[in-house]
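One letter stands for each residue in the lines below.
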Amino acid sequence: MAPTSVSPPPLRPPKANTQKYKVALCQLLVSADKEENIARARSRIEAAADAGAMLIVMPEIWCCPYSMDTLPSYAEDIDGGASPSISMLSEVAAARKITIVGGSIPEKASGKVFNTCCVIGTDGQILAKHRKLHLFEIDIPGDIKLNESDTSTGGQEPTVVDTDVGRIGIGICHDIRFPELAMLYRSRGAHLICYPSAFNISTGELLWDLMQKSRAVDNQLFVATCSPARDPNTKSEYMIWGHSSLIGPFGEVLAAARHEEATVMGEVDLSMIQSTRENLPLEMQSRGDLYRLVDVQRQRETASNGARARGSGERRRSGQ
């Protein structure tokens with residue numbers, strides 16, 4: 001049976017302003033003092049910019065501890081302009097002319113709490129805002145139990161954003177577990193997917209490297225992850241894994257931290273994507289007659305544009 005609908009063809013990535021650029025992953029130690037965390041983050045970002053980084057990636061939940069009990073009390077109103085964390089990122093991005101994938105912070109909006117990543121451009125403006133799509137739930141008897149849905153609300157839209165260094169897809173932590181999202185980002189022309197993350201030790205030791213390399217290799221693009229640093233003195237049951245990394249299109253590790261606070265840097269070379277895809281043309285080999293990725297948003301946009309075009313044509317024919 002023929003399919004009832006066909007997804008729009010993959011988009012070509014836009015021509016980037018640069019073929020090579022340095023990425024800095026700022027793995028920060030987080031305390032209960034928000035002002036201290038913001039000051040620490042500013043210092044790390046400025047140092048990375050001084051070292052030549054054009055793109056800075058921050059951790060998931062870097063302005064406060066990753067605790068379901070306290071997240072709402074730290075939440076900030078980004079749309080309302082009452083967000084000291086995002087204000088700092090905007091100030092530094094504009095001053096240093098860098099792009100920042102701002103990790104994530106708890107956001108309050110419409111009476112709900114979201115786990116939100118803002119991408120800041122070189123002019124200090126918010127280019128995109130990604131709300132974590134897949135909320136983490138885990139229950140390992142005798143080890144860890146956590147339900148993000150008890151505190152947070154999931155986002156509704158995938159996020160692809162054009163920046164000075166190219167087209168980037170955004171996911172937050174548990175979003176990396178879903179390969180369909182990464183496939184969608186490739187189909188929309190992203191060359192890099194950034195996943196601010198706070199994997200715990202239990203899942204991190206088993207899956208962290210595997211997940212990053214899988215998303216990069218399957219889609220022949222770069223993957224960057226950034227975690228908070230592990231606090232060995234924490235009393236929380238949720239122990240951070242760390243190990244922020246930059247992964248290349250063949251799964252090669254281009255930069256990696258351990259578990260302690262650190263800033264690591266690596267280089268994204270867009271020509272690596274082209275050569276990887278030419279050497280191993282997975283897109284041409286894909287069996288679209290057997291399976292396909294349906295990009296619901298682009299499908300709706302295509303249908304809507306078609307309807308508007310038909311309506312315009314009918315009005316012209318009727319003389320309106």
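Residues numbered from 1 in each chain as written. Predicted model: local features only at pLDDT ≥ 70, side-chain atom pairs only at ≥ 80, totals over all residues. Heavy atoms only, no water.

- By the naming in an unreviewed UniProt entry, the protein is CN hydrolase domain-containing protein, taken from Urochloa decumbens.

## Points about the overall build of the protein
- Looking only at helices and strands, one finds eight helices and 15 strands in the protein.
- Along the longest, intermediate and shortest principal axes, the C-alpha atoms of the protein span 70 × 45 × 45 Å.
- Split into buried and exposed, the 320 residues of the protein put 50% on the buried side.
- Sequence separation of 24 or more characterises 69% of the internal contacts of the protein that already satisfy a separation of 6 or more.
- Total accessible area on the protein is roughly 15,300 Å²; 50% of this is exposed by carbon and sulfur atoms.
- Here the protein carries 35 positive and 39 negative side-chain charges, and the mean point of each set is 8 Å from the other. (Helix = DSSP H or I, 4+ residues; strand = E, 2+ residues; numbered from the N terminus. Buried < 20%, exposed > 50% of the residue type's maximum accessible area, 1.4 Å probe, protein only. Contact = heavy atoms within 4.5 Å. Areas by Shrake-Rupley, 256 points an atom, 1.4 Å probe, with all protein chains shown as cover. Lys, Arg positive; Asp, Glu negative; His and termini not counted. Charge placed at Lys NZ, Arg CZ, Asp CG, Glu CD.)

## Comments concerning the confidence of the model for the protein
- Of the residues in the protein, 93% reach a pLDDT of 70 or more, and the chain-wide mean stands at 92.
- Scored below 50 in pLDDT, residues 1-5 shows three contacts in the model against residues more than four places distant or in partner chains. (pLDDT = per-residue confidence, 0-100.)

## A short note on the side chain of S244
- Looking at the secondary structure, you find S244 in the loop between β12 (222-226) and β13 (245-247).
- In terms of polar contacts, S244 uses its side chain to reach the side chain of Q27, at 2.7 Å. (Polar contact = N/O pair within 3.5 Å; in protein donor to acceptor, adjacent residues only side chain to side chain.)

## Quick look at helix α4 (residues 179-187)
- The complete set of buried residues in α4 reads L181, A182, L184, Y185, R186 and S187.
- Following α4 by one or two positions, G189 has its phi on the positive side, about 95 degrees.

## Some thoughts on the environment of R287
- The topology assignment puts R287 in the loop between α7 (282-285) and α8 (296-317).
- At 2.7 Å, the side chain of R287 forms a polar contact with the side chain of D289.

## Some details on the nonpolar core
- Judged by nonpolar contacts, the single largest core of 46 residues is most densely connected at L25, L55, V57, I168, L192 and C194.
- Setting aside its immediate chain neighbours within four residues, L25 contacts V57, A224, T225, C226, S244, S245, L246, A262, T263 and V264.
- The next biggest cluster of nonpolar side chains, apart from the first, holds 37 residues, and it includes I45, A49, L71 and I78. (Core = buried A, V, L, I, M, F, W, Y, C linked by side-chain atoms within 4.5 Å.)

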